[in-house]
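# Report on the structure
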Amino acid sequence: MLYWVLKWILIGPWLRVLWRPKVEGLEHVPATGPAILASNHVAFIDSVFLPLMVHRPIRFMAKSEYFTGKGLKGWLSRLFFTTIGCVPVDRAGGRAARAALDAGKQVLEEGKLWGMYPEGTRSPDGQLYRGKTGVARLALESGVPVIPCAMVNFHEIQPAGAKLPRLNKRVHMRIGAPLDFSRYAGMAGDRFVERSVTDEIMYNLMELSGQEYVDVYAAKVKKSDKPTQGEAAAEKPAPAHTAA
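Here is a short report on the structure shown in this document. Since the model is a prediction, treat every value here as computed from it, not as a measurement.

Time to look at the overall build of the protein chain. When helices and strands are counted, the protein chain shows nine helices and nine strands. When the 244 residues of the protein chain are sorted by exposure, 45% land in the buried category. Of the contacts made within the protein chain by residues no fewer than 6 positions apart, 76% connect residues no fewer than 24 positions apart. Total accessible area on the protein chain stands at roughly 12,500 Å², and carbon and sulfur atoms take up 57% of it.

Pasting the structure below:
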């Protein structure tokens with residue numbers, strides 16, 4: 001109930017007035033049934049405006065730090081992310097990552113929408129970075145379509161390090177047609193197949209968002225003290241070959 005109150009009464013109307021969201025391809029989100037919404041991740045507000053504009057609730061993974069803070073700030077953070085349906089994820093990997101995928105699979109089995117950021121973290125500079133294969137594993141295990149969702153100008157609205165989004169730009173999103181990976185049925189766990197599926201998703205996100213693609217993980221760039229420009233040669237991920 002609190003989710004709908006925030007969306008339609010307390011917060012949503014103000015967001016619509018201030019940033020006048022423009023969404024292309026909203027018809028690609030199914031009215032019923034499970035699907036994975038795979039989005040690029042350039043700003044904190046990604047997790048706010050996509051659920052605001054999609055007519056159905058979306059459950060997301062969120063880093064566990066959002067749920068473990070102390071004091072009033074920590075309590076407000078837990079309240080917010082719990083209210084919007086986020087599931088805490090320990091991004092250290094291993095079993096925690098598997099548990100997060102299992103949570104996503106359960107949501108999909110219930111016929112709901114599950115949101116994922118294949119890059120694993122926010123882009124440090126507005127470019128699109130290499131996708132992690134968790135989204136492919138979940139798509140292949142669940143057999144549901146993947147819907148690419150591109151945040152087009154969010155890096156300009158809320159650059160890295162900015163606590164609040166700017167008011168002088170209109171939010172713009174593009175949602176692509178569902179991607180069907182049924183041709184890979186039964187091949188979950190094959191790392192080559194999962195990389196192919198992930199690259200196809202990232203290729204679609206690159207086409208929708210207009211971002212430059214960099215074939216390294218964003219988390220690696222963030223850990224480096226070197227400038228992000230020139231870390232790796234930018235190249236387009238090749239779309240997976242469709243079986244005849």
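Looking now at the nonpolar core. Taken as a class, soluble globular proteins show a tendency for nonpolar side chains to be buried jointly. Ranked by internal contacts, the top residues of the largest apolar core, which has 31 residues, are Leu37, Phe49, Leu50, Phe154 and Met173. Only helix H2 (12–19), strand S2 (35–39), helix H3 (46–53), strand S3 (58–63), strand S7 (146–151), helix H7 (154–157) and strand S8 (172–175) provide two or more residues apiece to this core. Element by element, the count of residues in this core is highest for H3, at four residues. Not counting residues up to four positions away in its chain, the partners in contact with Leu50 are Leu37, Ile58, Phe60, Cys149, Met151, Met173 and Ile175. Listed in part, the 26 residues of the second largest apolar core include Val107, Trp114, Met202 and Met206.

A word on the pairing of S7. Counting buried positions along S7 gives six out of six residues, so the element sits mostly inside the fold. A two-sided burial pattern is seen for S7, the buried positions comprising Val146, Pro148 and Ala150 on one face and Ile147, Cys149 and Met151 on the other. Pairing of S7 with S8 involves three bridges; the strand directions are antiparallel. Looking across to S8, one finds that Cys149 is bridged to Ile175.

Below, the discussion takes up the pairing of S8. Across three bridges, strand S1 (residues 22–24) lies against S8 in parallel orientation. Its bridge partner being in S8, Lys22 is matched across the sheet by His172.

An order of S1-S8-S7-S2-S5-S3-S4 is seen for the seven strands of this open sheet, with the pairing classed as mixed. Strands with a single pairing partner mark the edges of an open sheet, and in this sheet they are S1 and strand S4 (87–89). For this sheet the average axis-to-axis angle between neighbouring strands, irrespective of direction, equals 25°. Sheet topology places S2 next to S7; four bridges connect them, and they run parallel. For Ser39, the partnering residue across the bridge sits in S7 and is Cys149. Those strands touched by helix H8 (residues 191–209) are S2, S7 and S8, and its axis lies near 35° from that of S7.

For the pair H2 and H3, the least separation of the axes is 11 Å and the interaxial angle reads 105°. In terms of their interaxial angle, H2 and H3 are classed as roughly perpendicular. Of H3, the residues touching H2 (which contributes Gly12, Leu15, Arg16 and Trp19) are Val48, Phe49, Leu52 and Met53. A per-class count over the contact of H2 with H3 returns six nonpolar, one polar and one charged.

Turning next to the packing of aromatic side chains. The tally for this structure, following the rule as stated, stands at eight aromatic pairs. Here the aromatic rings of Trp19 and Phe49 are separated by 5.9 Å at their centres, their planes lie at 80°, and the arrangement is edge-to-face. Here the residue Trp19 occupies a position in helix H2, and Phe49 occupies one in helix H3, the gap between them amounting to 30 residues. Side by side, Trp19 and Phe49 carry an identical accessibility label, which is buried. On the numbers, 4.3 Å between centres and 5° between planes, the contact of Tyr66 with Phe81 is stacked.

If you walk through the whole model with that rule in mind, you get nine salt bridges. Here Arg137 ties to Glu141 by a salt bridge, and the two come within 3.9 Å at their closest N and O atoms. Of this pair, Arg137 and Glu141 are both found in helix H6 (residues 134–142), four residues apart, which corresponds to roughly one turn of the helix. Accessibility expressed as a relative area gives 25% for Arg137, which makes it partly exposed. When salt bridges that share partners are traced, they join Lys105, Arg137, Glu141 and Glu194 into one network.

One can find Met173 in strand S8. Taking the relative accessible area as the measure of exposure, Met173 reaches 1% and is therefore buried. Separated by 22 residues in sequence, Met173 and Met151 have C-alpha atoms that sit 4.8 Å apart. Leaving out residues up to four positions away in the same chain, Met173 has contacts with Lys22, Val23, Glu24, Phe49, Leu50, Met53, Ala150, Met151, Val152 and Phe154.

Analysis parameters
Residues numbered from 1 in each chain as written. Predicted model: local features only at pLDDT ≥ 70, side-chain atom pairs only at ≥ 80, totals over all residues. Heavy atoms only, no water. Helix = DSSP H or I, 4+ residues; strand = E, 2+ residues; numbered from the N terminus. Buried < 20%, exposed > 50% of the residue type's maximum accessible area, 1.4 Å probe, protein only. Contact = heavy atoms within 4.5 Å. Areas by Shrake-Rupley, 256 points an atom, 1.4 Å probe, with all protein chains shown as cover. Core = buried A, V, L, I, M, F, W, Y, C linked by side-chain atoms within 4.5 Å. Pairing = 2+ DSSP bridges. Axes fitted to C-alpha atoms, helices over the stretch in contact; angles between N-to-C directions. Parallel < 35°, antiparallel > 145°, perpendicular 65-115°, else oblique. Nonpolar A, V, L, I, M, F, W, Y, C, P; charged D, E, K, R; others polar. Phe/Tyr/Trp six-rings, centres within 6.5 Å; stacked < 30°, edge-to-face > 60°. Salt bridge = Lys/Arg side-chain N within 4 Å of Asp/Glu carboxyl O.

In short, the description is geometric, and any link to function would need to be established separately.
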